[in-house]
Amino acid sequence: MRRIGILGICAWVGMAGLTATAALGQWNKPNPVVSFEKKADGLEVRQHDGILRLVVNSEDVLHVTYSPLDAASPERASDWVVVKKDGPGAPFDVSSTEKAIVLSTSKLKAVIEKESGTLHYVATEGATGSGATGPGSTGGPMRGKMLTTDGYRSLRPVEVNGESTFHAEVVFSIYGSKEGLYGLGQHQAGVWNYRGETVDLSQENTNIAIPLLVSTNGYGIFWNNASRSRVNNRFVHALYLSAEVADRIDYYFIYGPEPDQIIGRYRELTGEVPLFGRWAYGFWQCKNKYESQQEVETVAAKYRDLHIPVDNIVQDWFWWVTMGEMKWNPHYPNPQGMIDKLHQEHFHLMVSIWPYFRPGSATYDEFDKNGWFIAKTVQPSFHPVGQALYDATNPAARKQYWANANTALFQKGVDAWWLDTDEPETEGREDNLLTTNKLFVGSGARYANVYPLFHTGGVSEGQRAASDEKRVFILSRSAYAGAQRFGVTAWSGDVLSDWITFQRQIPAGLNYSISGMPYWTTDIGGFISGGDLNDPKFRELFVRWFQFGTFSPIFRVHGTRNPSENELWSYGPDAQKILVDYDTLRYRLMPYIYSEAWQVTSNHGTLMRPLVMDWREDVEAQNTGDEYLFGPAILVSPVTTEGATSRTVYLPKATWYDFWTGEKTEGGKRVEADAPLEKLPLFVRAGSIVPMGPKMEWTTEKPADPIELRIYPGADGDFQLYEDENDGYAYEKGAQATIGLHWDDGAKTLTVGAREGSFPGMLKERTFKVVAVKAGHGVGIEETEGADMTVSYSGEKVSVKL
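Worth saying up front: this structure is predicted, and the values here are computed from it rather than measured.

Trainee: Provide a residue-level description of unusual backbone geometry, including the pertinent values.
Mentor: In this chain, Asn562 is followed by Pro563 through a cis amide linkage whose omega measures 0°. Relative to the assigned elements, Pro563 resides in the loop between strand S33 (561-562) and helix H11 (573-588). Along the chain, Asp705 connects to Pro706 via a cis peptide bond; the corresponding omega equals 0°. Its location among the elements puts Pro706 in the loop between strand S42 (689-692) and strand S43 (707-711). Unusually for a residue other than glycine, Phe318 sits at a positive phi of about 60°. Of note, Phe318 is situated in the loop between strand S20 (312-315) and helix H5 (335-344). A positive phi is found at His346, a non-glycine position, where the angle reads about 65°. Classification of His346 as partly exposed rests on a relative accessible area of 35%.

Shown next as structure tokens:
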């Protein structure tokens, strides 16, 4: 009876409309509305204990803040996160009834109860999508689809790290809702749907805090607070968002209803995603660690001798004499010669640099003298006494850090940056070391999560200022909201080399992707616990992880191995064949991958797509976190069980083709997919157009010609083929070309649209080999023999009937 009573209290969701949410407020001090005023950019509501402000950022985004009465609005470093500033972003109306104040845009309504200050979010009647909380549609001022309710906001005075501040908390009422909750960055508990879970937003090796929450009810919440925070839904009917340090409650409420729309608005707020060089989407060879120039050069040469596709090789840590100095040690007698040789062999080089400095160099002394260190180690362990973390929030320190990297590495031809340990790493205690120290911008506790944004931003902006001929690529062990605009790929950190850890990488990567962060990777094979290369069980794990990596946004091996090898020939001839096959497939798919990367840049796309992004209202899709779409077409189902020869795959409602056989299957059900060691279950959605290029040993070895266009009949479909100069930033000024492809399933006709745009070196005439996939035809890795149609294309629109 008590349960029924609580639910009854919240029955406003579908019934009366404007009853105070007593279940949320019974232990909280009443906070009624005293007055309100329409502003040029939104609404200001004075409550008994604070001021609620709603700024209309766009027709589907409201910037919500709640401040103490008469509080100043200090400048905050977290403002660096949001690049789109507030302003009247869309037309809106404000109205009032006896019981409520209503702010309305064309898509969204915010209804504020005068008695309690409770804030309801409602999708305007006629706005697309469903997703009601509780019974559904509401009437009166609440007419439309209920999304969620900000039930109570509190600011509790506290002292943190010597600063008088507030603990901020908001409780959202989600009584009766069956919504799924996703995002929040990357976490390692193996959880996909966070409904009923608690997530700490605190940077740590293997855990990345991105404060964007995405709901299947059609909304997102971007929590604009850089201190340690928590998202708590342990009691499934209440969702608590809290922050350790705050001047005010600060979040953006984003209406989608689709996740792609929410991610699009998030990126408009925090920054768009630049395009990597084409080489970055190829294969990355890495291990812990190459010890000499000779070893790096030997490995690169062997890859070319064996004709194994690869674009990148990585130099991990301790290539330096003293950490922070960026001076090559004597095992690298001619760094310039090494880099030049790698470039001649069509390799790109990424080098690891840390935000830490060890005593014993002039660089250390300079940073120390200028007060650019946050803290130093006080007793010896893995690192010596006095090792110091530089203050990336200090503009002068950031500028000098880049200047050092530029002189020592970038000017010599280093192509990419591995920014390791930038949470920043704190070992031996639970609290991040920022939380008890002062930064240039203020208390470290206030800005505990934002360090990697400043650190990666300094390097990215430094390179962009130095040259527009090479696109920024940063591999970072941590990230924060906005890092996507700096050319950052995050990886999942120093994970174990075992099956359960491998399983957990998939939901970790999917939640990171739906957090609006499109580029992510793992250490294929795991990092820690030194996998035994001669152990058949570890070889199996590595092969399965490598198959998953083939269909990750960035494709990179790394790890600690016994013996210290990690090249594709290190795992024996049987494994090598499988690994090279998948490596070859990655390169054949490069026209598809690079075109979808352009969609990330130009259209807020997401390359690694959890099923919920395309089937939001499908309960099975909502709770499937071990498979995903790679781009719009290819459903990937990694095999994460030792010894498995098959796995169960959920196919959402659509028609699907087995990539390997061409057999057709209707979705909306689970199927048992064949999965011997050499086979990763892959299915392609009907209506897809998948461009596949010729085999290559590096991404720019030759023009992508001819292109095999695999058409998967059963639905209409579109694809936009994108090309540019493959590196440099001329694409931002229009040096690019697209070709629209359309499949009319009813007419069985493919239309290759007129080319739009141009760039230096563009292939003006090319050949498309069109293949309508069916059982045994247009399948697998190899080029299809006997295309259904060959199209000679010179840039003009052409249609062919199959």
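Trainee: Tell me what's going on with the packing of helix H7 (residues 395-408) against helix H8 (residues 451-466), and back it up with residues and numbers.
Mentor: Packing of H7 against H8 leaves a shortest axis separation of 9 Å and a crossing angle of 55°. Considered as vectors, H7 and H8 are oriented oblique to each other. Once H7 is placed against H8, the crossing between them reads as right-handed. Taken together, the residues of H8 that come into contact with H7 (itself represented by Arg398, Tyr401, Trp402 and Asn406) are Phe454, His455, Gly458, Val459, Gly462, Gln463 and Ala466.

Trainee: Outline helix H6 (residues 362-369), listing residues and values.
Mentor: Of the residues making up H6, those classed as buried are Thr363, Tyr364 and Phe367. Take H6 and look down its axis: the buried residues cluster within an arc of 100°, on one side only. Opposite its buried face, H6 presents the exposed residues Ala362 and Lys369, each directed more than 90 degrees away. Contacts from the buried residues of H6 go to strand S22 (356-357), strand S23 (373-376), strand S24 (388-390) and H7. In the segment just after H6, Gly371 is the residue with positive phi, at about 70°.

Trainee: Would you mind going over the sheet that holds strand S14 (residues 208-215) in detail, with residue names and values included?
Mentor: Strand order in the open sheet formed by 8 strands is S1-S2-S3-S4-S18-S15-S14-S12, and the pairing between neighbours is antiparallel. Every other strand in the sheet has two partners, leaving strand S1 (33-39) and strand S12 (181-186) as the edge strands with one partner each. The mean angle between the axes of side-by-side strands here comes to 20°, regardless of whether they run parallel or antiparallel. Helix H3 (residues 259-270) rests against strand S3 (50-58), strand S4 (61-68), S14, strand S15 (219-223) and strand S18 (249-255) of the sheet, and its axis sits at about 135° to S18. Of the strands in this sheet, S12 and S14 touch helix H9 (residues 499-514), which is tilted by about 100° from S12.

Calculation notes
Residues numbered from 1 in each chain as written. Predicted model: local features only at pLDDT ≥ 70, side-chain atom pairs only at ≥ 80, totals over all residues. Heavy atoms only, no water. Helix = DSSP H or I, 4+ residues; strand = E, 2+ residues; numbered from the N terminus. Buried < 20%, exposed > 50% of the residue type's maximum accessible area, 1.4 Å probe, protein only. Axes fitted to C-alpha atoms, helices over the stretch in contact; angles between N-to-C directions. Parallel < 35°, antiparallel > 145°, perpendicular 65-115°, else oblique. Left-handed = near helix turned anticlockwise from the far one by under 90°. Contact = heavy atoms within 4.5 Å. Arc of directions from axis to C-beta. Pairing = 2+ DSSP bridges.

Bear in mind that shape data such as this cannot, by itself, settle questions of function.
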